[in-house]
Amino acid sequence: MGFNSKYHIDVDFEVPKKLQWYYAPAFFGFWFVLYLCLVNTQVNHIPKGLTRSEEASHPDSFIAQRAEDTLIELTRIGPRVVGSVANEVTTVQFLRDEVAKVQAEASERFEIEIDVQQASGAYMHWIMVNMYQGIQNVVVKLSERGNTNENYLLINSHYDSVPGSPGAGDDGSMVATMLEVMRVIAKSNDSLAHPIVFLFNGAEENPLQASHAFITQHKWAKNCKALINLDSAGSGGREILFQSGPNHPWLMKYYRKVPHPFANTLAEEVFQAGYIPSDTDFRIFRDYGGVPGLDMAYIFNGYVYHTKFDRVNVFPRSSFQHTGDNVLSLARALANAPELDNTAAHAEGHNVFYDFLGWFIIFYTATTSIIINVVISVVALLAIGVSIYFMSVRSGCSLSGVLMRFGIIFGIQLVSLALALGLGLLVALFMDGVDRSMSWFTQMWLIIGLYVFPIIFGMSILPAFYLEKTKKDLLSLGFRVQLFMHSHCVCLVILLITLTALGIRSACFLMLCVFFDIIALIINLVTKWHRKAYWFAIAVMICQILPFTYFTYILTALLMTIIPMQGRSGAESNPDMGIAVVTWLFALMFAGFIVPLIMFFRKTRTIVLCFLAGTILFIILAVTNVGFPYQPKTSTQRYALIHAHRVLHNADGTTRTDESGIYIYPQDRRIHIADDELKALGHAHKVSEFCDEEMFCGMPLYNHRWHKDREYSLWIPTNLKPQIPTAYPSLTLQEITELEDSTKRRFNFSLVGPDHMTIFVNVKNNAKLLDWSFNETLIRENEPPPHFVYFSYGLDNSALEFTIDVETTSSFDTPTLEIGIGGHWVHHENTRSQGLSDHIDNFPSYAYVQAWVGTYESWYF
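Numbers given to residues run from 1 along each chain, matching the order in which its sequence is written. Where local features are concerned, this predicted model is filtered to residues with pLDDT of at least 70; where side-chain atom pairs are given and counted, the filter is 80 or more; whole-chain, interface and lining totals use all residues. Computation of side-chain values: all heavy atoms of the structure, hydrogens and water removed.

1. With respect to the overall build of the protein chain
Next up, step 1: Here a helix means four or more residues in a row that DSSP labels H or I, a strand means two or more in a row labelled E, and each is numbered from the N terminus. Across its full length, the protein chain holds 22 helices and 21 strands.
Next up, step 2: This radius of gyration counts C-alpha atoms alone. The globule rule is 2.2 Å times how many residues there are, raised to the power 0.38. Its C-alpha radius of gyration of 31 Å places the protein chain within 12% of the 29 Å reference for a compact globule of 861 residues.
Next up, step 3: Expressed along its principal axes, the backbone C-alpha trace of the protein chain runs to roughly 105 × 70 × 55 Å.
Next up, step 4: Burial classes: relative accessible area under 20% of the type maximum marks a residue as buried, over 50% as exposed, and values in between as partly exposed (1.4 Å probe, protein chains only). The burial tally for the protein chain puts 61% of its 861 residues in the buried class.
Next up, step 5: Contacts are residue-level and defined by heavy atoms, with any inter-residue pair within 4.5 Å sufficient. Counting contacts in the protein chain only where the partners sit at least 6 residues apart, residues at least 24 apart contribute 82% of the total.
Next up, step 6: When the accessible surface of the protein chain is split by element, carbon and sulfur atoms take 57% of a total near 32700 Å².
Next up, step 7: A positive count includes Lys and Arg, and a negative count includes Asp and Glu. His and the chain ends are not counted in either. Where a charge sits is defined by one atom per residue type, namely NZ (Lys), CZ (Arg), CG (Asp) or CD (Glu). A distance of 13 Å separates the average location of the 62 positive side-chain charges in the protein chain from that of its 79 negative side-chain charges. Accessible areas in this description were obtained via Shrake-Rupley with a 1.4 Å probe; residue shielding takes into account the shown protein chains only.

2. Thoughts on the sheet that holds strand β17 (residues 768-772)
Next up, step 1: Two strands pair under a simple rule: DSSP has to find at least two bridges between them. Reading across the sheet, the four strands line up as β14-β15-β19-β17 and stay open at both edges, with antiparallel pairing between neighbours. The open sheet has two edge strands, β14 (730-738) and β17, and neither has a second partner. Here the average twist between neighbouring strands, direction ignored, is 25°.
Next up, step 2: Relative to strand β19 (residues 800-807), β17 runs antiparallel, the two being bridged by four bridges. Along β19, the bridge assignment pairs W772 with I804. Lines fitted to C-alpha atoms define the axes, with helix axes restricted to the stretch in contact, and inter-axis angles between N-to-C directions lie between 0 and 180 degrees.

3. Points about the layout of surface pockets
The gaps of empty space that remain are located by a probe, the size of a water molecule, rolled over the atoms.
Next up, step 1: A cavity, in this analysis, means grid points on a 1 Å lattice covering only the protein atoms where a 1.4 Å probe fits yet has no way out; a pocket is instead an open set bounded by protein on both sides within 12 Å along at least five of seven lines, and a residue lines either one if it has an atom within 4 Å of a point. Grid points are joined across faces, edges and corners, and a volume is the space filled by probe spheres set on the points. Space inside the second largest pocket adds up to approximately 1000 Å³.
Next up, step 2: At the level of secondary structure, the elements contributing two or more residues to the lining of the second largest pocket comprise α2 (24-43), α13 (446-469), α16 (533-565), α17 (575-590) and α18 (604-622).
Next up, step 3: It is α2 that provides the largest number of residues to the lining of the second largest pocket, a total of nine residues.
Next up, step 4: Ten residue types, Ala, Val, Leu, Ile, Met, Phe, Trp, Tyr, Cys and Pro, are classed as nonpolar, four, Asp, Glu, Lys and Arg, as charged, and the remainder, Gly among them, as polar. A per-class count over the lining of the second largest pocket returns 28 nonpolar, five polar and one charged.

4. A closer look at the side chain of N151
Next up, step 1: Relative to the elements of secondary structure, N151 occurs in the loop between β2 (128-144) and β3 (152-158).
Next up, step 2: A relative accessible area of 15% means that N151 is categorised as buried.
Next up, step 3: One polar contact links N151 to D341, side chain to side chain, over a distance of 3.2 Å. Here a polar contact is recorded for every N or O atom pair within 3.5 Å, except that within protein the pair must consist of a potential hydrogen donor and a potential acceptor, and residues adjacent in sequence are included only if both atoms are side-chain atoms.

5. So, helix α8 (residues 265-272)
Next up, step 1: Here α8 lies mainly inside the structure; six of its eight residues are buried.
Next up, step 2: Residues of α8 that are buried include every one of T265, L266, E268, E269, V270 and F271, and no others.
Next up, step 3: Of the residues trailing α8, G274 is marked for its positive phi of about 90°.

6. A short note on a nonpolar patch on the surface
Next up, step 1: Within the patch definition used here, like charges are joined within 9 Å and nonpolar side chains (Val, Leu, Ile, Met, Phe, Trp, Tyr) within 5 Å, considering only residues with over 30% relative accessible area and no salt bridge. Any carboxyl oxygen of Asp or Glu within 4 Å of a side-chain nitrogen of Lys or Arg constitutes a salt bridge here. On the surface, V386, Y389, F390, V393, L399 and L403 cluster together into a nonpolar patch covering about 500 Å² of accessible area.
Next up, step 2: Of the residues forming the nonpolar patch, the biggest block, four residues, is contributed by helix α11 (residues 366-395).
Next up, step 3: You can see V386 is positioned in helix α11.

7. Examining the nonpolar core
Next up, step 1: Grouping buried Ala, Val, Leu, Ile, Met, Phe, Trp, Tyr and Cys residues that are joined through side-chain atoms within 4.5 Å yields what is termed a nonpolar core. Ranked by size, the top nonpolar core spans 126 residues in total, and within it W440, L450, Y451, F509, Y550, F551 and F586 carry the most contacts.
Next up, step 2: Ranked by the residues each element gives to this core, the list is headed by α16, at 17 residues.
Next up, step 3: In this structure, V138, M174, A176 and L330 belong to the second largest nonpolar core, which totals 61 residues.

8. Things to note about the side chain of T561
Next up, step 1: Residue position: T561 is located in helix α16.
Next up, step 2: Engagement of the side chain of T561 in a polar contact is seen with the backbone oxygen of A557, the distance being 2.8 Å.
Next up, step 3: Filtering out sequence-adjacent residues up to four positions away, T561 remains in contact with I299 and F300.

9. Observations regarding empty space enclosed by the protein
Next up, step 1: The final tally for this structure, using the stated rule, is four cavities of 30 Å³ or more.
Next up, step 2: Of the pockets and cavities examined, the largest cavity occupies roughly 370 Å³.
Next up, step 3: Lining the largest cavity we find 31 residues, and of these I240, F242, A267, I299 and T561 sit closest to its centre.
Next up, step 4: For the lining of the largest cavity, the secondary structure elements donating two or more residues are β5 (224-232), β6 (239-245), α8, β7 (293-298) and α16.

10. Let's talk about unusual backbone geometry
Note on backbone geometry: most residues besides glycine have negative phi, and most peptide bonds are trans.
Next up, step 1: That bond from D170 to D171 is cis: its omega, 5°, falls within 30 degrees of zero.
Next up, step 2: Position of D171 relative to the elements: it lies in helix α5 (residues 168-187).
Next up, step 3: Across the junction of N206 and P207, the peptide omega takes the value 5°, indicating a cis bond.
Next up, step 4: Structurally, P207 can be placed in the loop between β4 (196-201) and α6 (209-217).
Next up, step 5: For N301, which is not glycine, the phi dihedral falls at a positive 55°.
Next up, step 6: Along the chain, N301 falls in the loop between β7 and α10 (317-335).
Next up, step 7: Positive phi, close to 70°, is recorded for K633, a residue that is not glycine.
Next up, step 8: Take K633: it is sitting in the loop between α18 and β10 (637-649).
Next up, step 9: Note on K633: relative accessible area 55%, which makes it exposed.

11. Some thoughts on the confidence of the model for the protein chain
Next up, step 1: Confidence in the prediction for the protein chain averages 93 pLDDT; 97% of positions are at 70 or higher.
Next up, step 2: Per-residue confidence from the predictor is reported as pLDDT, a score between 0 and 100. Confidence drops under a pLDDT of 50 for residues 1-15, and excluding neighbours within four residues, the segment shows 22 contacts in the predicted structure.

Here it is as structure tokens:
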């Protein structure tokens, strides 16, 4: 009959009954246990460190205890700041002594050359001129005797540290690792086709000055054809490979052989996009030397990074073993790689790479990635089309009817994903609005309730209502749930194609997500399980185990990395917004195909509403002391503080400002949490209040980032004058020379002062800056003044001589040039007045205050 031919339901199709609601906790528990037992353990898994007593049975292995002992001796020197005796004399001698020990143990097969480089130069670092004088590098070349190969492998780390920090993790750990790798290779009888240059650079924190000095000036620089860069943004854990190449995919062929892989294209793209508030020497070697390589760094426990708590006792020995095994393997492999003889011939584009739980690594070229992404997308759409066709055949519903339902469900899915993101952002705005942002800073588990729960709620509440309202639909519950999965897959395919077209290699994550969904779909179509709702669900669950494991693994590692960074990312933006977006993006991948399975349980809406209730509960917890973001020593709130004296001169030589004060640079969003302590220092002014009238606010800004965060920085005038340990910076106008005509003049200056100074340059009264003796980039690109020059020196404390050429359309009778000089005594002991020390000591126990004394003085010429 006509009615039966149109609406006939195949007798083979199973009309499911919903599972009882009390099975839902077991369903969620399965995924939670999977996370705890597999993901959480693998994220933190590192091998046991070998001891000296085990060296005899592991003669060619990296010995973690020996590296640890080296780090202990290095950190006993204390903070190693550029310009200090500790950095320029004591540490250099320490490295000489350690290399001598390696020479004493080395086999007759190898020879070791050591060179201590001292160099001066300048380059552009973001928007400021970065200038250095007499900084040092300790450079060691290890090669086989008689080897004439002129293509070297470069391995780099830095031995300097930031003011006040012993620098165990950053970067003493990598210095110790390099020394142990050097020792193991030198005492072995393994061949080295290419020499290895070990660069212990002495000025990375300034930033990146010593690597620039090496790659632009050292005698061995031009021979370095590949790089292993070792740095740290944390202390311990597993080092991650987060930059490769660029354009040299052959490097990953050798990284694939390391025993403990941990690498990800996402980390590379996030870092290179500037979302991470750090930089590494890798960029200098790449940009100024064209050296391809691998950039590796510690990223966990970033709470102690650049603080006095970056000590040996928080750096686990097993981390040495993890990194040492990998670096030793890479050094041996790359030093014997034939590609090193002609790296240009192997430049083939970018890589896509990612490890799986540290067990193995997958990599392929960006071109291959595009092909894979397109093929997977096409197959996914075809498979979904076949599935929809079979739904119409088996349900008795017409194909147009199924397509109409699919269109409605696709719209609901889009709205649900938008709702999920909106709810996450709403929580972030609320937490920031009640001044409770960063509640997860110490208690990372709060993210589950604050952001995962509302996102899951948003993804599931509308489907739950729709399926409830359509429970008498011709299309069975099982088929309607499948349509929600197909809709989510189509959303991911659209996003995958878009990101691929934009050249974003991290689109590989979406490809993996779509791939495993299509595997489940194909299995269900072949086995006809798609007709049987629960068999279909089982197939989906099995196929989602790997993507759930992988994406929660990546999300956990990412959060462990970026959460501590929010403590030094400034106060300008709401960090909860970023956490919400990141959680939402990964929830699309690890939960997008799992959430629809909730619809198979009775009381679906009640189950879904439990996520909303959980969100409210976690918000309540987060605004109590449970969500207080900081803890003493382990997860502190950071402040930079300068007790400064500033003097601003007028054109006639009189003084318009002469005052002492305290410059405070809060480094995270919770800037009001220590208001009571700041009020005890005096009346606070926003630094931005001074910026309209004064060049760079008339303040002793330490670097360009301080100017960026001027709106949230404070200046507190005080009667306490800083105790400056040496003479104030002295700027002397030595000569004024008239150039081609009377409208152009050259000003010759000489500057002496502490080993860290800032030079601010501006023109006045419609004058034009024609040229100067600093780096020419700002002048060549016609960047408008004022300009920022960061200057530091190591052993060479001679006067800095510089010239500035100015043109005016009127007369030099009025000032045409303004210069400001900031002096920073960042490593001198006992430079704080007792009163200032008392105030700093009154800061809460959870605060870390990096303090020094400084001066600022400006003149018109």
